[in-house]
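These are the residues of each chain, in order.
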Amino acid sequence: MNHLPINNVSISYSPSISNPRLNPNKPYKINTSNIDAIQKIGKKYDPEEVPAKMLLNLLKSGITDQKPNEKLFIGRSHEDWVKMYNMAHKNAVMPVVYDGLSKNPAIKIPEDVKENMEINKKYAKDYHGQQEWILKKFTEMTSENGIDTVQMKGIGFSMNYPNPTSRFGGDIDIYNYKHGTDPSNPKNNMSLFVDKLAQKYGMEYEDHGYKHSQLTYKTMPIENHRNFLNVESSPIAAKMNKYLYKVFKPVEETLPHGTKILVPSKEFNTVFISFHAMQHFVGAGINFHHLADWAVHINKHGLKVPEEAKGTKFEEFMYAFTNLANKHLGTNVKVPENKKLEDAIFNKMLHPDRTDTGLPKPNTKNPLKILAYKCKSMAERTARRNEFWGTKETLAGAMLKSFVAHLKKPKTFINVFTKL
């Protein structure tokens, strides 16, 4: 066998809905009498919070046996539904949100929004099937060459959801070790061998450094891990990476179309899923998709913080993330509270285009305003990295790294002043 054929799956996807043109002289009238709003009295009005409340209520219903609260949706405007749709779309939770909506036919939804949700739902199901097919062929390839492949997060973890095909995953994360050996020993890692093997079978290959490579098969990205975490980013990452080896302990899972794969233990997922979310929070890009995964996991397995994480910012993050799942997604796992950190995480999920202090991404082509926003964002990310990773990086040092990166690709310098 020198190539891996694949059925061409035609997948169409519903993009974000354009925000409707509103008549400023005729604002929408919204009945708020029965709404358990996120807003607090005296708090500045935030147009994103009502759509977020709608999204979280439907998302909670999609991952639990609870029906959504129809009172929350009384009087909702078309604009609210569009904003909720676009937020769910950007957070990659639309299919699960649709599952929640389907549990209560009494909720009235605009037809165009419902139609787009149904398209989105079908796309996720088709994509899930395509990922299963590709993973099946990939594991057959590695197995024939004496390698065991373990799938992490993603499609394997989706089997913890009530409806696995609704859990949308962008890529496939894998770890490979020599068959018949101890997977907890890093010396048995076969990622470099699998990189060469994949290229032999016609897959595209990119070296992404010490953590993983990226293999692309029929446009599907596959991250082939050398390490589970960014071990060079911080001492806590290196420490938890060692722990993940210790509790890796792969077990068999069966996907919706019958494909049998290996997935890591629940102890592994406790750290891997939450640490992955923390990395997104410290860097940029944490969203409701990460919170949904965490809620599904702790709802099924509870939370046992490993000794290796005790007394660290990682432990604090796990508790804060758990309390957000308790508050918004129906879990009930008692942990210490840290309202400041909980609010910081939630605000970053709710407003990904704002800095920590609330500075919004400017809608401008003015290069100085773009640069000012980027400098503010970089300063806050640097401070957050220092807080969570224990580093001592300065803003000047972060800017120097950015300058060197652009120096390697001079054509990207213009982006500093033109792209957000």
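Residues numbered from 1 in each chain as written. Predicted model: local features only at pLDDT ≥ 70, side-chain atom pairs only at ≥ 80, totals over all residues. Heavy atoms only, no water.

## Some words on the pattern of salt bridges
Scanning all chains against the criterion turns up 20 salt bridges. In this structure, the salt-bridge partner of Glu 380 is Lys 376, at a minimum N-O distance of 3.7 Å. With a gap of four residues between them, Glu 380 and Lys 376 both fall in helix H12 (residues 367-389), about one helical turn apart. We classify Glu 380 as buried; its relative accessible area is 11%. The class of Lys 376 is partly exposed, set by a relative accessible area of 34%. Arg 385 serves as the salt-bridge partner of Glu 393, at 3.1 Å between the closest nitrogen and oxygen. (Salt bridge = Lys/Arg side-chain N within 4 Å of Asp/Glu carboxyl O. Helix = DSSP H or I, 4+ residues; strand = E, 2+ residues; numbered from the N terminus. Buried < 20%, exposed > 50% of the residue type's maximum accessible area, 1.4 Å probe, protein only.)

## As for the packing of aromatic side chains
Between two aromatic rings, the relevant description is the distance of the centres plus the angle of the planes. For the structure on display, the rule yields 20 aromatic pairs. Relative to Phe 317, the ring of Phe 281 has its centre 6.0 Å away and its plane inclined at 35°; by these criteria the two rings are tilted. Residue Phe 281 is located in helix H8 (residues 266-282), and its partner Phe 317 is located in helix H10 (residues 313-328); the two are separated by 36 residues in the primary sequence. Taking the relative accessible area as the measure of exposure, Phe 281 reaches 4% and is therefore buried. Residue classification places Phe 317 among the buried residues on the basis of a relative accessible area of 0%. Following the ring pairs from residue to residue traces out a cluster consisting of Tyr 175, Phe 228, Tyr 245, Phe 248, Phe 268 and Phe 272. In this structure, Lys 313 packs its charged tip against the face of Phe 388, placed 5.1 Å from the ring centre. (Phe/Tyr/Trp six-rings, centres within 6.5 Å; stacked < 30°, edge-to-face > 60°. Lys NZ or Arg CZ within 6 Å of the ring centre and 35° of its normal.)

## Let's talk about the confidence of the model for the chain
With 89% of its residues at a pLDDT of 70 or more, the chain has an overall mean of 88. For residues 1-12, every residue scores under 50 in pLDDT, and the model assigns this stretch 27 contacts once sequence neighbours within four places are set aside. The low-confidence segment residues 19-42 (pLDDT under 50) makes 34 contacts with residues lying over four places distant or belonging to another chain. (pLDDT = per-residue confidence, 0-100. Contact = heavy atoms within 4.5 Å.)

## Here we look at the nonpolar core
Leu 55, Phe 228 and Ile 345 are the most contacted members of the largest nonpolar core, which has 78 residues in total. The dominant element in this core, judged by the number of residues it contributes, is H8, at nine residues. For Phe 228, the residues in contact, after removing those within four places along its chain, are Met 152, Tyr 175, Lys 211, Asn 241, Leu 244, Tyr 245, Phe 248, Phe 268 and Phe 272. Grouped together as the second largest cluster of nonpolar side chains are 22 residues, Ile 155, Ala 198, Leu 215 and Met 220 included. (Core = buried A, V, L, I, M, F, W, Y, C linked by side-chain atoms within 4.5 Å.)

## A closer look at the pairing of strand E5 (residues 220-225)
Most of E5 is tucked away: five of the six residues are buried. Across four bridges, the pairing between strand E2 (residues 172-178) and E5 is parallel. Within the sheet, the bridge partner assigned to Ile 172 lies in E5 and is Ile 222. Alignment of strand E4 (residues 212-217) against E5, held across six bridges, turns out to be antiparallel. Across the sheet, residue Leu 215 finds its bridge partner in E5, namely Ile 222. Between E4 and E5, which pair antiparallel in sequence order, lie two residues; one of them, Lys 218, sits at a positive phi of approximately 55°. (Pairing = 2+ DSSP bridges.)

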